[in-house]
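Okay, here's what each chain looks like letter by letter:
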Amino acid sequence: MTTVSVLIVDDQILLRQGLRKLLEIEEGIDVVGEAANGVEALEFLSSADPLPDVALVDARMPLMDGVTLIGRMREEYPGVPAVVLTTFDDDELIFGGLRAGARGYLLKDVPPEELVSALRRASRGETVLGGPAAQRLVAALDPARDPGAGPAAAPAASPLSEREEEVAGLVGTGATNREIARTLFITEGTAKNHVTSILRKLGLRDRTRLALWVRERGGA
């Protein structure tokens with residue numbers, strides 16, 4: 001199993017230490033640094049060799065918040081994906097974090113196994129969204145919510161197979177590959193292959209864009 005190195009960025013020392021202890025007992029996870037804000041995180045990254053595989057970043061911090069930090073990281077350290085871990089589930093932070101370049105958005109009540117899975121997936125370049133955040137994102141980007149957006153275009157014919165349509169629909173609800181596998185009685189590897197095929201056929205970059213595609217077609 002490949003070890004994933006993690007930088008924890010959070011202004012609450014008890015939470016940082018708690019996250020460190022939680023992650024350090026997980027096989028294949030190595031916490032290589034801590035920072036109390038974005039300024040400290042950039043200082044750490046400037047001297048880190050090698051760079052961490054992923055940064056776990058709080059959204060709201062003094063001196064430099066998580067969204068600003070993630071934007072700086074995208075410019076200066078594009079090889080270090082950031083996952084937002086916060087107590088705040090609101091449109092401004094979700095949109096701000098993803099626009100800045102975050103690879104994930106999770107709430108702090110996420111189960112430990114999901115947090116670990118998210119870190120691994122983000123380190124591989126995948127986009128990871130907790131269920132509530134995914135639902136909020138899809139709902140917030142629904143054109144019907146914007147009176148000035150005009151009528152939505154009629155959806156084009158889908159190039160997907162019947163099974164791929166089922167998988168896409170589940171992605172639209174925020175389901176993980178494991179959840180898709182359980183729902184459709186297939187292996188997790190098969191679910192992952194379906195998602196990869198769907199993204200390729202539709203020319204989409206990640207699961208977030210796929211969830212939006214599903215929403216626009218009225219599938220979620």
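Bear in mind the structure is a predicted one, so any value in this text is a computation, not a measurement.

Engineer: Can you walk me through the overall build of the protein in this structure?
Structural biologist: The number of helices and strands found in the protein is 10 helices and 6 strands. Buried residues in the protein amount to 47% of all 220 residues. Contacts in the protein between residues at least 24 apart in sequence constitute 67% of all its contacts with a sequence separation of at least 6.

Engineer: When you look at helix 5 (residues 112–123) in this model, what are you seeing that I'm missing?
Structural biologist: Think of an α-helix as turning once every 3.6 residues; residues three or four places apart then point the same way. Taking 1.5 Å as the rise per residue, helix 5 with 12 residues should run 16 Å; its terminal C-alpha atoms sit 17 Å apart, in good agreement. Three or more residues of helix 5 are buried, namely L115, V116, A118, L119, R120, R121 and A122. Looking one or two places after helix 5, you find G125, whose phi comes out positive at around 95 degrees.

Engineer: What should I look at first to understand the pattern of salt bridges in this one?
Structural biologist: Close approach of charged atoms allows side chains of opposite charge to pair. In the structure shown here, the tally under the stated rule is 13 salt bridges. Of the charged contacts in the structure, one is a salt bridge between R20 and E34, with a shortest N-O distance of 2.5 Å. Of this pair, R20 sits in helix 1 (residues 13–24) while E34 sits in strand 2 (residues 29–35), and the two are 14 residues apart along the sequence. Across the salt bridge formed by K201 and E164, the nearest N and O atoms sit 2.8 Å from each other. Note that K201 is positioned in helix 9 (residues 188–202) and E164 in helix 7 (residues 162–172), a separation of 37 residues in sequence. Residue E164 is classed as buried on the basis of its relative accessible area, which comes to 6%.

Engineer: Explain unusual backbone geometry to me, please; I cannot follow it from the model alone.
Structural biologist: Here the residue pair D49 and P50 is connected by a cis peptide bond, since its omega of 5 degrees sits within 30 degrees of zero. Here P50 is to be found in the loop between helix 2 (38–47) and strand 3 (54–57). In this model, L63 sits at a positive phi of 70 degrees, which is unusual for a non-glycine residue. For L63, the position within the fold is in the loop between strand 3 and helix 3 (66–76). The exposure class assigned to L63 is exposed, which follows from its relative accessible area of 77%. Even without being a glycine, F185 presents a positive backbone phi close to 60 degrees.

Engineer: Would you mind showing me how to read the nonpolar core here?
Structural biologist: For soluble globular proteins, the rule of thumb is that nonpolar side chains tend to be buried together. Ranked by size, the top nonpolar core spans 25 residues in total, and within it V9, L42, V57, L69, M73 and Y105 carry the most contacts. Looking at this core, the elements that each hand over two or more residues are strand 1 (4–9), helix 2, strand 3, helix 3, strand 4 (82–86), helix 4 (91–100) and strand 5 (104–107). L42 has contacts with M64, L69, R72, M73, E76 and Y77, leaving out every residue within four places of it along the chain. Judged by nonpolar contacts, the second largest core, of 19 residues, contains V6, L106, A122 and V128.

Engineer: Help me out: how do you make sense of the confidence of the model for the protein in this one?
Structural biologist: Caution applies to low-pLDDT regions: their predicted coordinates should not be interpreted in detail. Mean pLDDT over the protein works out to 83, with 84% of the residues at or above the 70 mark. Contacts of residues 141–156 to residues separated by more than four positions or lying in other chains number 9 contacts, the stretch itself having pLDDT below 50.

Engineer: Just to check I follow, could you spell out the pairing of strand 1 for this structure?
Structural biologist: Both faces of the sheet carry side chains from a regular strand, because those side chains alternate between them. For strand 1, the buried fraction is high: 6 of the 6 residues fall into the buried class. The alternating pattern of strand 1 places V4, V6 and I8 and S5, L7 and V9 on opposite faces, both of which are buried. Where strand 1 lies against strand 2, 6 bridges are found, and the strand directions are parallel. Counterpart to I8 in the pairing with strand 2 is E34. As a crossover connection, the stretch from strand 1 through helix 1 into strand 2 is right-handed. Inspection of the sheet shows strand 1 paired to strand 3 by 4 bridges, in the parallel sense. Along strand 3, the bridge assignment pairs L7 with A55.

Cut-off values and rules
- Residues numbered from 1 in each chain as written.
- Predicted model: local features only at pLDDT ≥ 70, side-chain atom pairs only at ≥ 80, totals over all residues.
- Heavy atoms only, no water.
- Helix = DSSP H or I, 4+ residues; strand = E, 2+ residues; numbered from the N terminus.
- Buried < 20%, exposed > 50% of the residue type's maximum accessible area, 1.4 Å probe, protein only.
- Contact = heavy atoms within 4.5 Å.
- Expected span 1.5 Å × (residues − 1).
- Salt bridge = Lys/Arg side-chain N within 4 Å of Asp/Glu carboxyl O.
- Core = buried A, V, L, I, M, F, W, Y, C linked by side-chain atoms within 4.5 Å.
- pLDDT = per-residue confidence, 0-100.
- Pairing = 2+ DSSP bridges.
- Right-handed = clockwise from strand over helix to strand, strands pointing away.

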